[in-house]
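A closer look at the structure
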Amino acid sequence: MGSKPTTIDEYIAQYPEEIRQILSRIRAVIRESAPDAVEKISYNMPAFYLNGGLVWFAAHKRHIGFYTRTPAMEAAIEELSAHKGTKGSVHFPLDRPIPYDLIGRIVKVRVEENRK
C-alpha cells in the first residue's frame, strides 16, 4: 500500500475489488447503525466516533479486523465467542461470509455504551 490514507474512501480504494466491496458494506452497516457517528481515519484505519471512539475496522491478509470489543458488548452478543480475535477485536475470516448483521448489532451496543 502506498501513502497513508486520510479518508475512509482513500483507505477502501487501496484494496482489490473484492475487499473494497466488503469494506464498503461494513461502512454502510456502521452508518445505518450509528447515523450520527463521525467518520475519520484513526490508527491508520477507518474509524467512527460518537461521544468518543465507537468502532474501527481494517483489512488484513486473511481477515477483517473489527475493533472495539468490550465486556458489555460480549455480554450483549453471545455469538461473539464464535469469532477469533484479541482482547479488543473480532476477526472475520475472508474465506467465510462476513456477518454484517452481527456488525450492526455490535455498533448499536457500542452506541448505547458511548451514550452513557
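1. Overview of the environment of glutamine 14
- For glutamine 14, the position within the fold is in the loop between helix 1 (8-13) and helix 2 (17-33).
- With a relative accessible area of 23%, glutamine 14 lands in the partly exposed category.
- Taking the C-alpha atoms as reference, glutamine 14 lies 9.6 Å from serine 3; in sequence the two are 11 residues apart.
- There is a polar contact of 3.3 Å between the side chain of glutamine 14 and the backbone oxygen of tyrosine 11.

2. What to know about the sheet that holds strand 2 (residues 45-49)
- Spatial strand order, 1-2-3-4-5: 5 strands in an open sheet with antiparallel pairing. One side of each edge strand has no neighbouring strand; the edge strands of this open sheet are strand 1 (38-42) and strand 5 (89-93). With direction set aside, neighbouring strand axes in the sheet form an average angle of 25°.
- Strand contacts of helix 2: strand 1, strand 2, strand 3 (53-59) and strand 4 (63-67), with the helix running at about 170° to strand 3, the strand carrying the most contacts.
- Packing of helix 4 (residues 100-115) onto the sheet brings it into contact with strand 3, strand 4 and strand 5, and relative to strand 3 it is tilted by some 150°.

3. Remarks on the pairing of strand 5
- By the criterion of burial, strand 5 is predominantly enclosed, with 4 of the 5 residues buried.
- The pairing of strand 4 with strand 5 spans 5 bridges and is classified as antiparallel. Within strand 5, the position partnered with phenylalanine 66 by the bridge is valine 90.

4. Details of the pattern of salt bridges
- All chains considered together, the criterion is met by 7 salt bridges.
- For aspartate 101, the salt bridge goes to arginine 105, with nearest N and O atoms at 3.7 Å. Here arginine 105 and aspartate 101 lie together in helix 4, a separation of 4 residues that amounts to about one turn.
- Given a relative accessible area of 55%, aspartate 101 falls into the exposed group.
- Between arginine 110 and glutamate 113 there is a salt bridge, with the nearest N and O atoms lying 2.4 Å from each other. In this pair, arginine 110 and glutamate 113 both sit in helix 4, 3 residues apart, roughly one turn of the helix.

5. Looking at the pairing of strand 3
- Of all 7 residues making up strand 3, 6 are buried, and the element is well covered by its neighbours.
- As judged from the 3 bridges shared by strand 2 and strand 3, these two strands associate in the antiparallel manner. From the neighbouring strand, alanine 47 faces strand 3, where its bridge partner is tryptophan 56.
- Judged from the 4 bridges that link them, strand 3 and strand 4 form a sheet pairing that is antiparallel. Bridged to alanine 58 within strand 4 is glycine 65.
- Adjacent in sequence and paired antiparallel, strand 3 and strand 4 are bridged by 3 residues.

Definitions and limits used
- Residues numbered from 1 in each chain as written.
- Predicted model: local features only at pLDDT ≥ 70, side-chain atom pairs only at ≥ 80, totals over all residues.
- Heavy atoms only, no water.
- Helix = DSSP H or I, 4+ residues; strand = E, 2+ residues; numbered from the N terminus.
- Buried < 20%, exposed > 50% of the residue type's maximum accessible area, 1.4 Å probe, protein only.
- Polar contact = N/O pair within 3.5 Å; in protein donor to acceptor, adjacent residues only side chain to side chain.
- Pairing = 2+ DSSP bridges.
- Axes fitted to C-alpha atoms, helices over the stretch in contact; angles between N-to-C directions.
- Contact = heavy atoms within 4.5 Å.
- Salt bridge = Lys/Arg side-chain N within 4 Å of Asp/Glu carboxyl O.

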